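Residue-level listing of the chains:
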There are 2 protein chains.
Amino acid sequence: MRDAVAQKPFADRPVAEAAGEGAFERLQALIAPELARVEAMIAERMQAADTDLIARVAAHLIGAGGKRLRPCLTLAAARLCGHDGENHIRLAAAVEFIHNATLLHDDVVDESDRRRGRPTANAVFGAKPSVLVGDFLFARSFQLMVETGSVEVLGVLSNAAAVIVEGEVLQLAAARSLAGGEDVYFKVIRGKTAALFEAAAQAGGMAAGAPAAQVAALAAYGDALGVAFQIVDDLLDYGGASAAFGKASGGDFREGKATLPVLIAHSRADEAGRAFWKRVIEGRDQREGDFETALELMRDSGALEATRARAEAFAQTAVAALAPLPAGPLREALADVAAFVLTRAR
Amino acid sequence: MRDAVAQKPFADRPVAEAAGEGAFERLQALIAPELARVEAMIAERMQAADTDLIARVAAHLIGAGGKRLRPCLTLAAARLCGHDGENHIRLAAAVEFIHNATLLHDDVVDESDRRRGRPTANAVFGAKPSVLVGDFLFARSFQLMVETGSVEVLGVLSNAAAVIVEGEVLQLAAARSLAGGEDVYFKVIRGKTAALFEAAAQAGGMAAGAPAAQVAALAAYGDALGVAFQIVDDLLDYGGASAAFGKASGGDFREGKATLPVLIAHSRADEAGRAFWKRVIEGRDQREGDFETALELMRDSGALEATRARAEAFAQTAVAALAPLPAGPLREALADVAAFVLTRAR
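Let me begin by describing the structure that accompanies this report. (Residues numbered from 1 in each chain as written. Chains lettered and ligands numbered in written order. Predicted model: local features only at pLDDT ≥ 70, side-chain atom pairs only at ≥ 80, totals over all residues. Heavy atoms only, no water.)

Some remarks on the overall build of chain A
So, point 1. For chain A, the count of helices and strands is 17 helices and two strands.
So, point 2. Expected size for 346 residues packed as a compact globule is a radius of gyration near 20 Å; at 20 Å, chain A falls within 12% of this value.
So, point 3. Overall, the C-alpha framework of chain A stretches about 60 × 55 × 30 Å when taken along its three principal axes.
So, point 4. Expressed as a percentage of the 346 residues in chain A, the buried residues total 60%.
So, point 5. A separation of at least 24 residues holds for 77% of the contacts in chain A among residues at least 6 apart in sequence.
So, point 6. Accessible area for chain A stands at about 12,600 Å²; split by element, carbon and sulfur atoms hold 50% of it. (Helix = DSSP H or I, 4+ residues; strand = E, 2+ residues; numbered from the N terminus. Rg over C-alpha atoms; globule rule 2.2 N^0.38 Å. Buried < 20%, exposed > 50% of the residue type's maximum accessible area, 1.4 Å probe, protein only. Contact = heavy atoms within 4.5 Å. Areas by Shrake-Rupley, 256 points an atom, 1.4 Å probe, with all protein chains shown as cover.)

What to know about the packing of aromatic side chains
So, point 1. Scanning the model with the defined rule gives 18 aromatic pairs over all chains in all.
So, point 2. Look at tyrosine 185 of chain A and phenylalanine 186 of chain A: their rings are 5.2 Å apart centre to centre, the planes differ by 80°, and that puts the pair in the edge-to-face class.
So, point 3. Among the residues examined, phenylalanine 186 of chain A registers a relative accessible area of 11% and is labelled buried.
So, point 4. Look at phenylalanine 197 of chain B and phenylalanine 229 of chain B: their rings are 5.2 Å apart centre to centre, the planes differ by 45°, and that puts the pair in the tilted class. Of this pair, phenylalanine 197 of chain B sits in helix α10 (residues 181-207) while phenylalanine 229 of chain B sits in helix α11 (residues 212-236), and the two are 32 residues apart along the sequence. A single burial state applies to phenylalanine 197 of chain B and to phenylalanine 229 of chain B, both of which are buried.
So, point 5. By the ring-pair criterion, three or more aromatic residues cluster together here, those being Phe138 and Phe142 of chain A together with Phe138 and Phe142 of chain B.
So, point 6. Across the ring face of phenylalanine 229 of chain A, the terminal group of arginine 70 of chain A is positioned such that the distance to the ring centre comes to 5.9 Å. (Phe/Tyr/Trp six-rings, centres within 6.5 Å; stacked < 30°, edge-to-face > 60°. Lys NZ or Arg CZ within 6 Å of the ring centre and 35° of its normal.)

A look at the state of the cysteines
So, point 1. As enumerated under the stated definition, the model contains zero disulfides over all chains in all.
So, point 2. The thiol sulfur of cysteine 81 of chain A is not disulfide-bonded, and the nearest other cysteine sulfur, from cysteine 72 of chain A, lies at 16 Å. (Disulfide = S-S within 2.5 Å.)

Overview of the relation of the copies chain B and chain A
So, point 1. Mapping chain B onto chain A leaves a residual RMSD of 0.0 Å; the transformation is a rotation of 180° accompanied by 0.0 Å of translation along its axis. On the angle and the small slide along the axis, the relation comes out as a two-fold axis. Closest approach to the rotation axis within chain B is made by the C-alpha atom of valine 151 of chain B, at a distance of 3.0 Å.
So, point 2. Mapped onto chain A, 100% of the interface residues of chain B again fall at the interface, so both copies present the same surface. (Least-squares fit on C-alpha atoms with pLDDT ≥ 70 in both.)

Section: the interface of chain B and chain A
So, point 1. Between chain B and chain A, the contact holds 38 residues from the first and 38 residues from the second.
So, point 2. When the two sides are added together, the surface that chain B and chain A hide from each other amounts to roughly 3,600 Å², 76% of it contributed by carbon and sulfur.
So, point 3. Viewed at the interface, chain A and chain B are joined by four salt bridges.
So, point 4. Put simply, chain B and chain A have 10 residue pairs in polar contact (both at pLDDT 80 or more) between them.
So, point 5. For the side of chain B that touches chain A, the elements supplying multiple residues, two or more each, are α4 (53-62), α6 (87-109), α8 (127-148) and α9 (151-174) of chain B.
So, point 6. Broken down by element, the residue count for the side of chain B that touches chain A peaks at 14 residues, all from α9 of chain B.
So, point 7. Split into classes, the residues belonging to the side of chain B that touches chain A amount to 23 nonpolar, seven polar and eight charged. (Buried area = accessible area lost by both parts, 1.4 Å probe. Salt bridge = Lys/Arg side-chain N within 4 Å of Asp/Glu carboxyl O. Polar contact = N/O pair within 3.5 Å; in protein donor to acceptor, adjacent residues only side chain to side chain. Nonpolar A, V, L, I, M, F, W, Y, C, P; charged D, E, K, R; others polar.)

Some details on the nonpolar core
So, point 1. The biggest cluster of nonpolar side chains holds 251 residues, and the ones touching the most others in it are Leu157 and Trp277 of chain A together with Leu157 and Trp277 of chain B.
So, point 2. When residues no more than four places from it in sequence are discounted, the contact partners of leucine 157 of chain A are Leu91, Val95, Ile98, Met145, Leu196, Ala199 and Ala203 of chain A.
So, point 3. Counting six residues, the second largest nonpolar core, distinct from the first, contains Val108 and Val109 of chain A together with Val108 and Val109 of chain B. (Core = buried A, V, L, I, M, F, W, Y, C linked by side-chain atoms within 4.5 Å.)

Here we look at the packing of helix α5 (residues 69-80) of chain A against helix α17 (residues 329-343) of chain A
Residues and elements named next belong to chain A.
So, point 1. For the pair α5 and α17, the least separation of the axes is 10 Å and the interaxial angle reads 150°. Regarding the angle of α5 to α17, the classification is roughly antiparallel. Crossing of α5 over α17 shows left-handed handedness. Touching Leu69, Leu73, Ala76, Arg79 and Leu80 of α5 are Leu330, Arg331, Leu334 and Val337, all from α17.
So, point 2. Partitioning the contact of α5 with α17 into residue classes produces seven nonpolar, no polar and two charged. (Axes fitted to C-alpha atoms, helices over the stretch in contact; angles between N-to-C directions. Parallel < 35°, antiparallel > 145°, perpendicular 65-115°, else oblique. Left-handed = near helix turned anticlockwise from the far one by under 90°.)

Describing unusual backbone geometry
So, point 1. Its identity is not glycine, yet arginine 68 of chain A carries a phi of approximately 60°, on the positive side.
So, point 2. Structurally, arginine 68 of chain A is set in the loop between α4 (53-62) and α5.
So, point 3. Taking the relative accessible area as the measure of exposure, arginine 68 of chain A reaches 8% and is therefore buried.
So, point 4. With a phi close to 75°, aspartate 50 of chain B is a non-glycine residue in the positive phi region.
So, point 5. In this fold, aspartate 50 of chain B is placed in the loop between α3 (32-45) and α4.

A short note on α8 of chain B
So, point 1. Given a rise of 1.5 Å per residue, 22 residues ought to cover 32 Å, and the 32 Å separating the end C-alpha atoms of α8 of chain B matches this to within 8%.
So, point 2. Buried residues dominate α8 of chain B, accounting for 19 of its 22 residues. (Expected span 1.5 Å × (residues − 1).)

A few points about the environment of arginine 45 of chain A
Residue and element names in this part refer to chain A.
So, point 1. Secondary-structure assignment places arginine 45 in helix α3 (residues 32-45).
So, point 2. It is 31 Å that separates the C-alpha atoms of arginine 45 and aspartate 336, two residues lying 291 residues apart in sequence.
So, point 3. Arginine 45 has contacts with Phe97, Phe136, Arg140, Leu144 and Glu147, leaving out every residue within four places of it along the chain.
So, point 4. Among the polar contacts made by the side chain of arginine 45, one reaches the side chain of glutamate 44 at a distance of 3.3 Å.

Here's the deal with the pattern of salt bridges
So, point 1. Under the defined criterion, the tally for this structure stands at 44 salt bridges over all chains.
So, point 2. Between lysine 278 of chain B and glutamate 282 of chain B there is a salt bridge, and its shortest N-O distance comes to 2.8 Å. Taken as a pair, lysine 278 of chain B and glutamate 282 of chain B lie in helix α14 (residues 271-282) at a separation of four residues, close to a single helical turn.
So, point 3. Residue classification places lysine 278 of chain B among the partly exposed residues on the basis of a relative accessible area of 48%.
So, point 4. Through salt bridges that share partners, Glu44, Arg45, Arg90 and Glu147 of chain A make up one connected network.

Observations concerning the side chain of serine 141 of chain B
So, point 1. Looking at the secondary structure, you find serine 141 of chain B in helix α8.
So, point 2. Looking at serine 141 of chain B, its side chain comes within polar contact range of the main-chain oxygen of phenylalanine 138 of chain B, at 2.7 Å.

Structure representation (structure tokens):
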């Protein structure tokens, strides 16, 4: 089956969800030596002079693992474009630092107690160290970028940093509003999530000195992958497309977030349904049984399936974007990662 | 009198406190057109796409004024070294953004309600917008630096950003400890305050393409000025060297901060005095009348005068550092600003 699709023009290749199984591990295996160097650089650069508090807070979060999805994009993009130096290591570490800086700050502003199944740095060390170490990781990421000597890459990543925050603030400003609709939703997730995926992939290509068309292709891939990733994340909060309600955490619902499943269900609702969504999301007036009602409205209106279809379309866009890049195992792996993102939402 | 001192070798010129009167306004007047351009750039770049919340939060703090001391250093340094372009405007705005980003985050982690005589952004808008807009200003500052095209300047300012945070975390880790003594104290203030003064002045020289010796001179000036500034700040918390107790706010005392006046008083104390400082600072066990006792111990031991003398010595170092720079009104004004810093503590 894989051979059959591989013979089609790459841009027309369908996203086969089966190809997503284990795709991320296959990508990691292809860049294993580089990834080990990134881990070493992360461990080294989270140290600070005169105090070990920074390293302890940073290690609590970064050391807890996480998939290193964003740095893998940087490494794979750089390798795909023939990079053979040190800069993609630095940039991959910088990208992971930016990501973790935003997580540290998110956990402070959301007063979150748990992340990745463990207590947050905010819960363990308090708000002060969490805010400050987030700032430190942000500064460190720019020091790493400076070491590459590329103002161009610095431009891409500093723009991404600004866009990430704009997305988060827009989310805050538009929270609990159905009025912004999908327009605001996509602006928010392009900022808070896709911008760093895009910059991570793009920076890898730039480190390799790839032609502009390839760098643009990597940026388009990262953007679409990031959008698909966030849609799936938002879908998982309602248990995924198969409506496995036992998996639904409902955290977004309780916070009144107008995510895509909500927006689609709202747009497909009758008058009573619209009143329901207005009450629970905009009014944040939530009562016993409301979450179950929300899940039923989503399932019955096909909103969950429709949300998944949107994610799949973006994953397809990501795969198509890879067409200008050199064929081979790395491009295959990146394409399969787009399918992998979808498997999370089953 | 001014002429008499001007004829001495510049490095030996004493810091005449009288020269500090109105010195900052004289400096501002010399760079007024540039300063106006910086204000315009700050107003423009605090805007964000899609949401006005960022600009409102940023304007609440940045728009409230403040002296723009750090951007003035950048502008004066650049002009002093003959810069005649746009980059010093960008860098001055970037420096002010970094400064205000740290203030926004400080007010969140300290849960401060008032700054510069007004409610803090944290009090008005809450912690979420304050943290995020701090991040935004930080990202914006790097975008501005990228526009200068100078990786060298980016290196100086990203290092400064990391050192600022290291200083703040060291302060947190060493808070309420007398054991670190002046060694830790100076590491803290070099980080949290002097690093940005140093980078601000240095970046101005670099924007002008000044020779390495002049850039180093500007860095040394900024560092010493920043140290003097922070010592004076810490002295003011105890009412200044004249022991004008009515002016003493005691905020640092209540927080148990081991600032220089405390460290000197502690080092000069007898056994009973050392027990007092250990109780109120390290134990943070503070009772009615303790602050008055602290002020008396400081006055009687000469700790306040000694603290002021230390600030004066750094101001003197700052003036001496200016020797390699071109003579003229701008260098005079920078020298007088060192004296101005001292006048705050009378």
